[in-house]
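One-letter residues, chain by chain:
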Amino acid sequence: MDTLADTTLLSLDALSLARGRADVLDNVTFTLGRGQTVGLIGESGAGKSTIALAIIGLLRAPQVALRGSIRFDGVELTTLPESEYRRLRGNRIGLIFQDATAALNPCFTVGAHLAEPLSRHLGLQARERRQRSIELLESVGIGEAALRLDAFPHELSGGMQQRVMIAMALACDPQLLIADEPTSALDVTIQAQIMELILERVRARAASAIFVLHDLALAAQVCDRVVVLYAGQVVEEAPAAELFADPRHPYTRALRACSIELGERDALVPIPGAVPGLEDLPGGCRFAPRCERASARCAQTPPLVTDGTRRIACWHA
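Residues numbered from 1 in each chain as written. Predicted model: local features only at pLDDT ≥ 70, side-chain atom pairs only at ≥ 80, totals over all residues. Heavy atoms only, no water.

Novice: Is there a simple way to think about the packing of aromatic side chains in this case?
Specialist: Each aromatic ring pair is summarised here by two numbers: the centre-to-centre distance and the angle between the ring planes. This model, assessed by the stated rule, comprises three aromatic pairs. One aromatic cluster is present, built from ring pairs that chain together Tyr 230, Tyr 251 and Phe 287. (Phe/Tyr/Trp six-rings, centres within 6.5 Å; stacked < 30°, edge-to-face > 60°.)

Shown next, in the form of structure tokens:
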């Protein structure tokens, strides 16, 4: 029996994704175990949301050029027919989009949005769908849930729209939940409640989750492992507690210094410069132009090396 295959739910192996001549993702490799939560962190433009969309099949050829592998529960997704992908989306793989306003169809009620996956994937009849929809809305903290079923997205606040998105993603109790900044539209006072709710549902079914996050303190709280991305490449990966206690890559250290909650300073220390655009990607280490440790050796791309429970790509770690 292949123990590794039994414990691994999702694996990305040397995944590259190109738009035109530019690689948005470059040789991305990591695994997600069953019952595990992994966080993808990095600045805007790092490739976090691109990975999420590639996994769920919303970025595919001929839209983009894909190389490498995405395997979910033993099934290769990069070559999966669209008809098979439709059986996965919203059923075995759920996705919480970052911008609920753009993701929800303004022509359909909240009830219609929730009913679609319940009907398609679970085969629930009208009465069952309505009851299940009410329970889902209540579970994400929406009051007067029965009345909200008849509301259109524009009649809800941004925070409530995001809660509806979360309810939709959890509707069929997916094996894998991908949450792209799931609390970005919510008030700070209820962000912790929503994250606790998502984790509770994920763990209750021994499911797995990928969290796309900018908030490093949140990643430290909710993720078992963290993958640090910069300009489409994995630069460091480690158990969350180990990564934030002892970051080895200069970029990870710089991100930590930008977080008051995780840092030892009373003031933020910004990273100089910005993530390069697709047409301006440097050769070798892509972080080198912003790195205080950069040397002539950084003109060569550092390999992603395993060191105990950690992987790191840096000549000067």
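Picking up after the structure, the text goes on.
Novice: So what exactly am I meant to see when it comes to unusual backbone geometry here?
Specialist: The omega angle of the peptide bond from Ala 61 to Pro 62 is 5 degrees, so this bond is cis rather than trans. For Pro 62, the location among the structural elements is in the loop between helix 2 (48-55) and strand 4 (65-72). One non-glycine residue, Asp 173, lies in positive phi territory at about 50 degrees. Of note, the phi angle at Ala 231 is positive, near 50 degrees, even though the residue is not glycine. Its place among the elements puts Ala 231 in the loop between strand 9 (225-230) and strand 10 (233-239). Exposure remark for Ala 231: the relative accessible area of 4% places this residue in the buried category. (Helix = DSSP H or I, 4+ residues; strand = E, 2+ residues; numbered from the N terminus. Buried < 20%, exposed > 50% of the residue type's maximum accessible area, 1.4 Å probe, protein only.)

Novice: Please explain the nonpolar core as it appears in this structure.
Specialist: Nonpolar side chains in soluble globular proteins tend to end up buried together. By size, the foremost hydrophobic cluster in this structure holds 63 residues, and its most contacted members are Ile 41, Leu 137, Ile 198 and Phe 211. Sort the elements by how many residues they give to this core and helix 8 (residues 158-170) lands first, with eight residues. Setting aside anything within four residues of it in sequence, one finds Ile 198 in contact with Ile 96, Ile 166, Leu 177, Pro 182 and Phe 211. Within the second largest apolar cluster, 35 residues are counted, among which are Leu 17, Phe 72, Leu 88 and Val 234. (Core = buried A, V, L, I, M, F, W, Y, C linked by side-chain atoms within 4.5 Å. Contact = heavy atoms within 4.5 Å.)

Novice: Just checking my understanding: could you explain the sheet that holds strand 4 for this structure?
Specialist: Two pairing modes exist for strands in a sheet, parallel and antiparallel, and in both the strands are linked by backbone hydrogen bonds. As summarised here, the arrangement of the four strands in space is 2-1-4-5, forming an open sheet in which the pairing is antiparallel. Of all the strands in the sheet, the pair left with one neighbour each is strand 2 (22-33) and strand 5 (75-76). Here strand 1 (residues 8-19) pairs with strand 4 via seven bridges, running antiparallel. In the strand pairing of strand 4, Ser 16 is matched with Arg 67. (Pairing = 2+ DSSP bridges.)

Novice: Looking at this structure, I do not really get the pattern of salt bridges. What am I missing?
Specialist: Side chains that carry opposite charge are capable of pairing whenever their charged atoms lie near each other. Tallied over the entire structure, the rule returns 19 salt bridges. With a shortest N-O distance of 3.7 Å, Arg 286 and Asp 26 are connected by a salt bridge. Of this pair, Arg 286 sits in the loop between helix 12 (250-257) and strand 11 (305-307) while Asp 26 sits in strand 2; the two residues are 260 residues apart in sequence, bridging distant segments of the chain. Glu 237 serves as the salt-bridge partner of Arg 225, at 3.1 Å between the closest nitrogen and oxygen. In this pair, Arg 225 sits in strand 9 while Glu 237 sits in strand 10, placing the two residues 12 residues apart along the sequence. (Salt bridge = Lys/Arg side-chain N within 4 Å of Asp/Glu carboxyl O.)

Novice: Sorry, what's going on with the environment of Ala 241 here?
Specialist: With respect to the element layout, Ala 241 can be found in helix 11 (residues 240-245). Spatially, the C-alpha atoms of Ala 241 and Gln 221 are 8.7 Å apart, while their sequence positions differ by 20 residues.

Novice: How should the sheet that holds strand 9 be read in this particular structure?
Specialist: Taken in spatial order, the eight strands line up as 6-7-8-3-9-10-12-11 in an open sheet, and their pairing is mixed. For this open sheet the edge positions go to strand 6 (93-96) and strand 11, each flanked by a neighbour on one side alone. Taking the axes of each pair of neighbouring strands and ignoring which way they run, one obtains an average angle of 20 degrees across the sheet. Pairing of strand 7 (residues 176-180) with strand 8 (residues 208-213) involves five bridges; the strand directions are parallel. (Axes fitted to C-alpha atoms, helices over the stretch in contact; angles between N-to-C directions.)

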